[in-house]
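# Tertiary structure, described
Residues per chain, in single letters:
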Amino acid sequence: MAERWFIKNKKVDYKQMAYKYGITEFISRLIINRDIVNDDMIKSYINPEFDKLHNPKHMKDLEKTVEILRDKIKSKQKIRIVGDYDVDGVISVYILYTALKLCSANVDYEIPDRIKDGYGINSNIIKQAKDDGVDTILTCDNGISAIEPIQYAKELGLTVIVTDHHDIPFAEDEDNNREFIKLSADAIINPKQEECNYKFEKLCGAGVAFKLVEVLYDKIGISKEESYKFMEFLAIATVCDVVDLVDENRIFVKKGLEFINNTTNLGLQELIRECEMTGKKLSVYHLGFIIGPCINACGRLDSAKKGLELLLSTDEEEANKLAKELVKLNEERKEMTMDGLERAIEIIEKNNMINDKVFVIYISDVHESLAGIIAGRIREKYNVPTLIITKSENGAKGSARSIEEYNMFEELVKCKDLLGNFGGHPMAAGFSLKEENIDEFRRRLNENTILKDEDLLRKVTIDCVLPLDLVNYELINDLERLEPFGKANSKPLFAEKNINLLKATILGKNNNVLKFKLKTKLNKFLDAIYFGDVYEFEEMINDRYGRQELQKLYDGAYNDVKLDLVFYPSINEYNGNTSIQIVIQNYR
């Protein structure tokens, strides 16, 4: 696939910065490349410790909420937490429920069913709460856009507290001026509110819940250290909700990983065992691609409450049973996703959609909870904004994933006359529409798009040119200080031109890994590994250098093959030996 390579080049006095913060110029450049530029952010980035967390009392309505909750706890009023069915929602409920229990609250929880209820609190949940004698509803990871349901709750005489991190809903007048809609809740904690003075607005739902617990504990006289016990759960939510891994989020994940690697939570211990990760040092990868998806799978294919019950479990047998169920559901989810993905690719290739700038793909019988995952995979494969639509109980439902150059939410706003409900943000959105509107929706998104051909070329952003001869253990150790990597703190990428390839070997049980021996400019040898499309690599060498040179490369014979490489340096540990190896991300 064609790519555009860019080298970041920000003009800053790196020497002065290195001196000021006691780091190398090389690390200074990488920090600035991640747009971490103000003094507090840099200090928090270099040293992500608890003392760099912001004062939660600066969050609008937070102290007011704590006062309401203290009154309700004292008078033994019944509090019901209403969460969401994804990882962030489940963990938000876990944090609030565990904390309120510790504060002797009369509390229970409800999580909507993805298919039956859809996202967020609704009037059925509110009516049920009223019938159950609930006095106070506390939302987490949802509620900011539940205008009518919350109005209804207030009419029934319930106290309503909203904790959320999603964008504030707005109404548009004829001139497209936006006015933010006010909720009738008793208190609203969301750092994205215009009137909120909190320093960092990119928290996930569980991050907002944690901030509430910090002050609640403080007011009830429970030590700060007790609230830090939520860090390992907060790390999972923060990674899985794909929020920016800078500022407080970086502290949550860095500290949370330390906690989770020594976890005493029965449910997590059993899940780690079931996923065959016992004894492994868990990283962001394990949270985002193994633990998170298992918790998520029950919300997709069964009930999200199973994930919550696992985390709350105090019985080893029950925890083991739930962990097994979650892993099995996740395996099922993976198979269903693969099936849906293959069908989506077939639709694109067979229906000549490959030239569309926006993919709108209708697969009537894909499980609606998987549409978003499939949209994400298609977007990754083709680098094209993708909307996957599936048949639902009333009409059709869709999930969208985008690329940086295309604001998905704003594009959906332009088609709102064709849509039922829709919501989301620039990179992801959900919507519903009538089946008969799908073709018109596809036509309009493609005809009205502002995307140009070059926008769909994959962008490869390189931190700096780094000669392979400069890669050593010290540099790699320095890079480890920048972890954990994720959104807004991407893994640094480096490049060098005209690298001599001496030998190539195909590895992996599916023959999907290439191992190379490289020669540096100073005639040193270095190992490299590439986890990509082997067939595509062979075709490229074949087209450029001929079949004979490709064969020489595999034989380790003298050859003419030279490539420009984008890479990340790493340490390879094998059979007790360590060596430096670069991981190739892109080549040309």
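What you see is a predicted model; the values in this text were computed from it and never measured.

Within the protein chain, the regular secondary structure consists of 21 helices and 20 strands. A compact globule built from 588 residues would reach a C-alpha radius of gyration of about 25 Å, and the protein chain, at 26 Å, matches this within 12%. Projected onto the principal axes, the alpha-carbon positions of the protein chain cover approximately 80 × 60 × 55 Å. The buried share among the 588 residues of the protein chain stands at 53%. Summarising the internal contacts of the protein chain: among those between residues at least 6 apart in sequence, 67% fall at separations of at least 24. Total accessible area on the protein chain stands at roughly 27,600 Å², and carbon and sulfur atoms take up 47% of it. Taking the average location of the 82 positive side-chain charges in the protein chain and that of its 99 negative ones, the two points are 3 Å from each other.

Here the focus is the layout of surface pockets. What the second largest pocket holds in volume is close to 380 Å³. If you go around the second largest pocket, you meet 16 residues; those closest to its centre are Tyr 94, Thr 98, Phe 230, Phe 233 and Asn 265. Breaking the lining of the second largest pocket down by element, the ones donating at least two residues are α5 (87-102), α10 (231-240) and α14 (305-312). Among the elements that line the lining of the second largest pocket, the one with the most residues is α5, at three residues. The residue makeup of the lining of the second largest pocket, split by class, is eight nonpolar, five polar and three charged.

The sites that carry the UniProt feature "domain: DHHA1" (unreviewed entry) are, in the present numbering, residues 355-447. Along residues 355-447, the helical share is 31% and the strand share 33%, with 12 Å between the first and last C-alpha atoms.

Our next topic: the UniProt feature "coiled-coil region" (unreviewed entry) in the protein chain. Mapped onto this numbering, the UniProt entry gives "coiled-coil region" (unreviewed entry) at residues 305-351. Structurally, residues 305-351 comprises 91% helix and 0% strand, and the distance from its first C-alpha atom to its last is 41 Å.

Turning to the nonpolar core, a few remarks are in order. The biggest cluster of nonpolar side chains holds 139 residues, and the ones touching the most others in it are Ile 31, Leu 271, Ile 291 and Phe 516. When residues in this core are grouped by element, the largest group, ten residues, is from α5. Split by domain, the residues of this core number at least three in each of domain 1 (56-259) and domain 3 (460-587). When sequence neighbours within four positions are dropped, the list of residues in contact with Leu 271 reads Ile 291, Cys 294, Ile 295, Leu 310, Ala 323, Leu 326 and Val 327.

Right, let's get into the pattern of salt bridges. Overall, the coordinates contain 51 salt bridges when judged by the stated rule. Across the salt bridge formed by Lys 229 and Glu 226, the nearest N and O atoms sit 3.1 Å from each other. Judged by its relative accessible area of 26%, Glu 226 is partly exposed.

On to the environment of Asp 40. With respect to the element layout, Asp 40 can be found in helix α3 (residues 39-46). On the accessibility criterion, Asp 40 (47% relative accessible area) is partly exposed. In the structure, Asp 40 is positioned 398 residues away from Ile 438 in sequence and 48 Å away in space, judged by C-alpha atoms.

The next subject is the packing of aromatic side chains. Tallied over the full model, the rule gives 16 aromatic pairs. Between Phe 494 and Phe 567, the aromatic rings sit 6.3 Å apart at their centres with planes inclined by 45 degrees, giving tilted as the arrangement. With a gap of 73 residues between them, Phe 494 in strand β16 (residues 494-507) and Phe 567 in strand β19 (residues 562-574) connect regions that are remote in the sequence. Here a set of aromatic residues connected by ring pairs shows up, and it is made of Phe 516, Tyr 530, Phe 537 and Tyr 587. One cation-aromatic arrangement involves Lys 255 over Phe 50; the distance from NZ or CZ to the ring centre is 5.6 Å.

Turning our attention to the packing of helix α8 (residues 205-220) against α10. With their axes 8 Å apart at the nearest point, α8 and α10 run at an angle of 150 degrees to one another. Looking at the two axes, α8 sits roughly antiparallel to α10. From α8, Ala 206, Gly 207 and Phe 210 reach across to α10, where they touch Met 231, Leu 234 and Ala 237. Considered class by class, the residues forming the contact of α8 with α10 number five nonpolar, one polar and no charged.

A word on the pairing of β19. Each regular strand shows side chains that alternate between the opposite faces of the sheet. Sheet topology places β16 next to β19; five bridges connect them, and they run antiparallel. The residue bridging Phe 494 from the neighbouring strand is Phe 567, located in β19. Examined bridge by bridge, β19 and strand β20 (residues 577-587) share ten bridges and lie antiparallel to one another. Across the sheet, the residue bridging to Tyr 568 is Val 583, located in β20. Hairpin geometry of β19 and β20 is characterised by an intervening segment of two residues between the two adjacent antiparallel strands and by a positive phi of about 50 degrees at Asn 575.

Among the surface-exposed residues, Glu 309, Asp 315, Glu 316, Glu 317 and Glu 318 lie close enough to one another that they form a single negatively charged patch. The greatest single-element share of the negative patch, amounting to three residues, is contributed by helix α15 (residues 316-350). By secondary structure assignment, the location of Glu 316 is in helix α15. Residue classification places Glu 316 among the exposed residues on the basis of a relative accessible area of 52%.

Looking now at the packing of α14 against α15. As a packed pair, α14 and α15 sit with axes 9 Å apart at the nearest point and diverge in direction by 145 degrees. Judged by the sense of rotation from one axis to the other, the crossing of α14 with α15 is left-handed. Listed contacts from α15 to Lys 306, Gly 307, Glu 309 and Leu 310 of α14 are Ala 319, Leu 322, Ala 323, Glu 325 and Leu 326. A per-class count over the contact of α14 with α15 returns five nonpolar, one polar and three charged.

Thresholds, definitions, all that
Residues numbered from 1 in each chain as written. Predicted model: local features only at pLDDT ≥ 70, side-chain atom pairs only at ≥ 80, totals over all residues. Heavy atoms only, no water. Helix = DSSP H or I, 4+ residues; strand = E, 2+ residues; numbered from the N terminus. Rg over C-alpha atoms; globule rule 2.2 N^0.38 Å. Buried < 20%, exposed > 50% of the residue type's maximum accessible area, 1.4 Å probe, protein only. Contact = heavy atoms within 4.5 Å. Areas by Shrake-Rupley, 256 points an atom, 1.4 Å probe, with all protein chains shown as cover. Lys, Arg positive; Asp, Glu negative; His and termini not counted. Charge placed at Lys NZ, Arg CZ, Asp CG, Glu CD. 1 Å grid on protein atoms, 1.4 Å probe; cavity = no way out; pocket = protein on both sides within 12 Å on 5 of 7 lines; lining within 4 Å. Points joined across faces, edges and corners; volume = space filled by probe spheres on them. Nonpolar A, V, L, I, M, F, W, Y, C, P; charged D, E, K, R; others polar. UniProt positions renumbered as here; feature names shortened; annotations may be inferred. Core = buried A, V, L, I, M, F, W, Y, C linked by side-chain atoms within 4.5 Å. Domains from an automatic or database assignment. Salt bridge = Lys/Arg side-chain N within 4 Å of Asp/Glu carboxyl O. Phe/Tyr/Trp six-rings, centres within 6.5 Å; stacked < 30°, edge-to-face > 60°. Lys NZ or Arg CZ within 6 Å of the ring centre and 35° of its normal. Axes fitted to C-alpha atoms, helices over the stretch in contact; angles between N-to-C directions. Parallel < 35°, antiparallel > 145°, perpendicular 65-115°, else oblique. Pairing = 2+ DSSP bridges. Patch = residues over 30% accessible without salt bridge, like charges linked within 9 Å, V, L, I, M, F, W, Y side chains within 5 Å. Left-handed = near helix turned anticlockwise from the far one by under 90°.

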